[in-house]
Amino acid sequence: MGSSKEYLKFILAQLSDLEEISYRAMMGEFLIYYRGKMVGGIYDDRLLVKPVKAAISCMPTVQYELPYEGAKEMLLVDEVDSKEFLTGLFQAMYEELPAPKPKKKK
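Conventions we followed
Every chain is numbered independently, its residues counted from 1 as its sequence is written. Whole-chain, interface and lining totals are the exception, using all residues; otherwise, since this is a predicted model, local features are given only for residues with pLDDT of at least 70 and side-chain atom pairs are given and counted only at 80 or more. With hydrogens and water excluded, all non-hydrogen atoms of the structure serve as input to the side-chain values. Helix numbers and strand numbers start at the N terminus; a helix is a DSSP run of H or I with at least 4 residues, a strand a run of E with at least 2. The globule rule used here is 2.2 Å times the number of residues to the 0.38 power, and the radius of gyration it is set against is calculated over C-alpha atoms. Exposed residues in this analysis have more than 50% of their type's maximum accessible area, buried residues have under 20%, and partly exposed residues fall in between, with area computed by a 1.4 Å probe over protein chains only. In this description, contact between two residues means that some pair of their heavy atoms is separated by no more than 4.5 Å. Here the open area of atoms and residues is found with the Shrake-Rupley method and a 1.4 Å probe, where only the protein chains shown may cover a residue. In this analysis, strands are considered paired if DSSP registers two or more bridges between them. Only the stretch in contact is used when fitting a helix axis, every axis being a line fitted to C-alpha atoms; angles between N-to-C directions are given from 0 to 180 degrees. The working definition used for a salt bridge is a side-chain nitrogen of Lys or Arg within 4 Å of a carboxyl oxygen of Asp or Glu.

Visitor: What am I meant to see in the overall build of the protein chain here?
Guide: Counting secondary structure elements, the protein chain contains 3 helices and 6 strands. Ordering the α and β elements of the protein chain from the N terminus gives α-β-β-β-β-α-β-β-α. Taking 13 Å as the expected radius of gyration for a compact globule of 106 residues, we find that the protein chain reaches 13 Å, a close match to that expectation. Across its three principal axes, the protein chain shows a C-alpha extent of roughly 45 × 30 × 25 Å. Expressed as a percentage of its 106 residues, the buried residues of the protein chain come to 42%. Long-range pairs, those at least 24 residues apart, make up 52% of the contacts in the protein chain between residues at least 6 apart in sequence. Put simply, the protein chain shows about 6800 Å² of open surface, and 53% of that area lies on carbon and sulfur atoms.

Below is the structure:
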């Protein structure tokens, strides 16, 4: 189905208090990065994040969902309307996220 640019803009606006938020379009969906580390993505107009301990502890009800067929499960973020919650969630997750893999030289 793919995600809409409007939903992407909404999520980016909710995260506007954080520095170094970026995204990459990937096959109709969007990967979300915070300070160079991939936090999660927007899949079918749903914000999904990596299932790290900090993210699980921040969410009162944890719901696992597949971003797409054959992928690893991620956590569905229900509280996208709360700017404070999203900002805190991304900050809490940062230390647990893996560092980006170095790019291969051509």
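Visitor: Explain unusual backbone geometry to me, please; I cannot follow it from the model alone.
Guide: Leave glycine aside and you will find that most residues have negative phi; peptide bonds, for their part, are mostly trans. Look at Arg35: it is not a glycine, yet its phi comes out positive at around 50 degrees. Of note, Arg35 is situated in the loop between strand 2 (29–34) and strand 3 (37–43). The backbone phi angle of Asp44 is positive, close to 50 degrees, even though this residue is not glycine. Accessibility expressed as a relative area gives 27% for Asp44, which makes it partly exposed.

Visitor: Would you mind showing me how to read the sheet that holds strand 5 (residues 64–65) here?
Guide: Sheet strands associate in pairs through backbone hydrogen bonding, adopting either a parallel or an antiparallel arrangement. Strand order in this open sheet of 6 strands is 1-2-3-4-6-5, and the pairing throughout is antiparallel. Lying at the two open borders of the sheet, with one neighbouring strand each, are strand 1 (21–26) and strand 5. Pairing between strand 1 and strand 2: 6 bridges, direction antiparallel. Within strand 2, the residue paired with Arg24 across the bridge is Leu31. Against the sheet, helix 3 (residues 83–94) makes contact with strand 1, strand 2, strand 3 and strand 4 (46–49), and its axis sits at roughly 65 degrees relative to strand 2, the strand it touches most.

Visitor: Help me understand the pattern of salt bridges, please; the structure alone is not making it clear to me.
Guide: One side chain can pair with another of opposite charge once the charged atoms of both are near each other. Summed over all chains, the structure comprises 2 salt bridges. Residue Asp17 is joined to Lys83 by a salt bridge in which the shortest nitrogen-to-oxygen separation is 3.9 Å. Here Asp17, found in the loop between helix 1 (5–14) and strand 1, pairs with Lys83, found in helix 3; they are 66 residues apart in sequence, far enough to count as distant. The class of Lys83 is partly exposed, set by a relative accessible area of 27%.

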